[in-house]
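Notes for the structure review
Each chain is listed here by its residues.
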Amino acid sequence: MEKEEAEIDRLPIHLLAYIFGLITSFTDLAQASSVCRKWTEGVKQSLALRNSLCFAGWKMDDDSTARLVRLAYNLKELDISRSRWGCQITDNGLYQISLTNCIGNLTSISLWGMAMITDRGVVKLISRASSLQHLNIGGTFITDESLFAIADSCPHLKTVVLWGCRHVTEIGLRNLVNKCRKLESINVWGTRIPCRLLRRLA
């Protein structure tokens, strides 16, 4: 006797993709993608439809994060901020993300509190993010090297958060302000930038 097809298996792939797009847990998405080939394709298509990805609160590694971003080729906003569980992203992860198709379309990136990243990874990522308008890189150990890369690569930048970035100097900040002419807001609380410079740049 022929086995009757389950109701959910009769759903067209575009409807499955829509349903999977409502799932916020990346663990659940990973499990769903391993059910069958149709569900795998549904998960891929759901990621392709997303304009925003937020990994804050999920313990992600370099490879899994880059793999998801690679599938989300319509992405505009990417948040891999470190939170309670911590995204364990390193420079290697940022490099992998820099090679994805969506990188040139990203308008917002948050790397808040990512203590495992350095200038090397940030420069790789930022150098290809030419559409970037909003950048949160606060709570990291970046130096002026990253600020120079931002200034050279992000002409549309409107807001940047450098909260607690104690290794950036007035040289890097001045260069950033001079080159990013669309800047509207800079958060430098907790840095070592002297107040006199901020008053002159205001």
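The present account deals with the structure reproduced in this document. (Residues numbered from 1 in each chain as written. Predicted model: local features only at pLDDT ≥ 70, side-chain atom pairs only at ≥ 80, totals over all residues. Heavy atoms only, no water.)

Moving on, we get to the overall build of the protein. A tally of helices and strands in the protein yields 9 helices and 6 strands. Excluding contacts between residues fewer than 6 apart, the proportion of contacts in the protein whose partners are at least 24 apart in sequence is 74%. In the form shown here, the protein has an accessible surface area of approximately 10900 Å², with 53% of it arising from carbon and sulfur atoms. (Helix = DSSP H or I, 4+ residues; strand = E, 2+ residues; numbered from the N terminus. Contact = heavy atoms within 4.5 Å. Areas by Shrake-Rupley, 256 points an atom, 1.4 Å probe, with all protein chains shown as cover.)

Before going further, it helps to examine the packing of helix 2 (residues 26-33) against helix 3 (residues 37-48). Orientation of helix 2 relative to helix 3, taken along the N-to-C sense of each, is 140 degrees, at an axis distance of 7 Å. Classified by the angle their axes make, helix 2 and helix 3 are oblique. Only Trp39, Thr40 and Val43 of helix 3 make contact with helix 2, whose side of the interface consists of Leu29, Ala32 and Ser33. Here the contact of helix 2 with helix 3 is composed, by residue class, of 4 nonpolar, 2 polar and no charged. (Axes fitted to C-alpha atoms, helices over the stretch in contact; angles between N-to-C directions. Parallel < 35°, antiparallel > 145°, perpendicular 65-115°, else oblique. Nonpolar A, V, L, I, M, F, W, Y, C, P; charged D, E, K, R; others polar.)

To continue, consider the nonpolar core. In this structure, Leu111, Leu157 and Leu176 are the most contacted members of the largest nonpolar core, which totals 51 residues. If you list the elements that add at least two residues to this core, you get helix 1 (13-21), helix 2, helix 3, helix 4 (62-71), helix 5 (91-98), helix 6 (119-126), helix 7 (144-153) and helix 8 (170-179). (Core = buried A, V, L, I, M, F, W, Y, C linked by side-chain atoms within 4.5 Å. Buried < 20%, exposed > 50% of the residue type's maximum accessible area, 1.4 Å probe, protein only.)

Next up on the list: the pattern of salt bridges. According to the stated counting rule, one finds 3 salt bridges in the structure shown. The residue Arg120 makes a salt bridge to Asp91 at a minimum N-O spacing of 4.0 Å. Taken together, the residues span a long stretch of sequence, with Arg120 in helix 6 and Asp91 in helix 5 at a distance of 29 residues. Classification of Arg120 as exposed rests on a relative accessible area of 59%. Judged by relative accessible area, Asp91 falls into the buried class, the value being 9%. The salt bridge partner of Lys179 is Asp152, with a shortest N-O separation of 2.6 Å. Note that Lys179 is positioned in helix 8 and Asp152 in helix 7, a separation of 27 residues in sequence. Classification of Asp152 by relative accessible area gives exposed; the value is 52%. (Salt bridge = Lys/Arg side-chain N within 4 Å of Asp/Glu carboxyl O.)

Turning our eyes to something else, we now look at the packing of helix 4 against helix 5. Remark: helix 4 packs on helix 5, axes separated minimally by 9 Å, with the N-to-C direction vectors making an angle of 15 degrees. Viewed along their axes, helix 4 and helix 5 adopt a mutual orientation that is roughly parallel. The element helix 4 and its partner helix 5 pack so that their crossing is right-handed. Seen from helix 4, the contacting residues are Asp62, Asp63, Thr65, Ala66, Val69 and Arg70; seen from helix 5, they are Asn92, Gly93, Gln96 and Ile97. The class makeup of the residues in the contact of helix 4 with helix 5 is 3 nonpolar, 4 polar and 3 charged. (Left-handed = near helix turned anticlockwise from the far one by under 90°.)

The grouping of Leu15, Tyr18, Ile19 and Leu22 at the surface amounts to a nonpolar patch, some 390 Å² of accessible area in total. Counting through the fold element by element, Leu15 comes out in helix 1. Relative accessible area serves as the criterion here: at 33%, Leu15 is assigned to the partly exposed category. (Patch = residues over 30% accessible without salt bridge, like charges linked within 9 Å, V, L, I, M, F, W, Y side chains within 5 Å.)

As a further point, take the side chain of Asp144. Position of Asp144 among the secondary structure elements: in helix 7. For Asp144, which is buried and forms no salt bridge, the nearest opposite charge comes from Arg174, at a distance of 10 Å. (Lys, Arg positive; Asp, Glu negative; His and termini not counted.)

Turning next to the packing of aromatic side chains. For the structure on display, the rule yields 3 aromatic pairs. For the ring pair Phe20 and Trp39, a centre distance of 5.4 Å and an interplane angle of 65 degrees mean the geometry is edge-to-face. Placement of the pair is Phe20 in helix 1 and Trp39 in helix 3, with a sequence separation of 19 residues. Grouping residues by exposure puts Phe20 and Trp39 together as buried. Aromatic side chains Trp112 and Trp163 sit 5.2 Å apart centroid to centroid with 45 degrees between the ring planes, which places their arrangement in the tilted category. Of this pair, Trp112 sits in the loop between strand 3 (108-110) and helix 6 while Trp163 sits in the loop between strand 5 (159-161) and helix 8, and the two are 51 residues apart along the sequence. With a relative accessible area of 33%, Trp163 lands in the partly exposed category. An aromatic cluster of three or more residues is present, and its members are Trp112, Trp163 and Trp189. (Phe/Tyr/Trp six-rings, centres within 6.5 Å; stacked < 30°, edge-to-face > 60°.)

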